[in-house]
Amino acid sequence: MPTERPFLTDPSPAGERPAGAVPDALYDLAVNRAWLVVRGVGHADALSAWHARTRFARRVPLEQVRRSLATHPGSGEWHWAGGPQGTWVPGRASFP
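What counts and how
- Residues numbered from 1 in each chain as written.
- Predicted model: local features only at pLDDT ≥ 70, side-chain atom pairs only at ≥ 80, totals over all residues.
- Heavy atoms only, no water.
- Phe/Tyr/Trp six-rings, centres within 6.5 Å; stacked < 30°, edge-to-face > 60°.
- Helix = DSSP H or I, 4+ residues; strand = E, 2+ residues; numbered from the N terminus.
- Salt bridge = Lys/Arg side-chain N within 4 Å of Asp/Glu carboxyl O.
- Buried < 20%, exposed > 50% of the residue type's maximum accessible area, 1.4 Å probe, protein only.

Colleague: How should I be thinking about the packing of aromatic side chains in this particular structure?
Modeller: The geometry of an aromatic ring pair comes down to the distance between the two centres and the angle between the two planes. Per the stated rule, a full pass over the model turns up four aromatic pairs. Consider the rings of Y27 and W80, whose centres lie 6.3 Å apart with planes at 55 degrees: the pair is tilted. On the criterion of sequence distance, the pair formed by Y27 in helix 1 (residues 24-41) and W80 in strand 1 (residues 78-81) is long-range, its members being 53 residues apart. Taken together, the ring pairs in this structure connect Y27, W35, W80 and W88 into an aromatic cluster.

Colleague: I tried to follow the pattern of salt bridges on my own but got confused; where do I start?
Modeller: A side chain of one charge can pair with a side chain of the opposite charge if their charged atoms are brought near each other. This model, assessed by the stated rule, comprises two salt bridges. Put simply, E63 and R66 hold a salt bridge, and the shortest N to O gap is 3.1 Å. Remark: R66 and E63 occur in helix 3 (residues 62-70); sequence separation between them is three residues, near one turn of the helix. Owing to a relative accessible area of 31%, R66 belongs among the partly exposed residues under this scheme. Across the salt bridge formed by R92 and E77, the nearest N and O atoms sit 3.8 Å from each other. Of this pair, R92 sits in the segment after strand 2 (87-90) while E77 sits in the loop between helix 3 and strand 1; the two residues are 15 residues apart in sequence, bridging distant segments of the chain. Relative accessible area serves as the criterion here: at 68%, R92 is assigned to the exposed category.

Everything listed here is a matter of geometry and, on its own, says nothing about what the molecule does.
This is the structure:
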């Protein structure tokens, strides 16, 4: 089995400062999935546990995800688009 992982970067244990740049699509996916976790469980405490056990989410700093979630417009169907500099867009995301 090869020891090199050319397409993956190892996250830090705290999920902060990934070794490589986070693609916009991955950031969008992390924020959108995090919103589903918070909405489904009903409190933001579940976010840390979800982030720690979700492999793709650990590549996105948890504090950035939290900052994006804090700007959620509220009621209605919204999804995050545009990477770290993105915004909430009305409607459902095209990719779950």
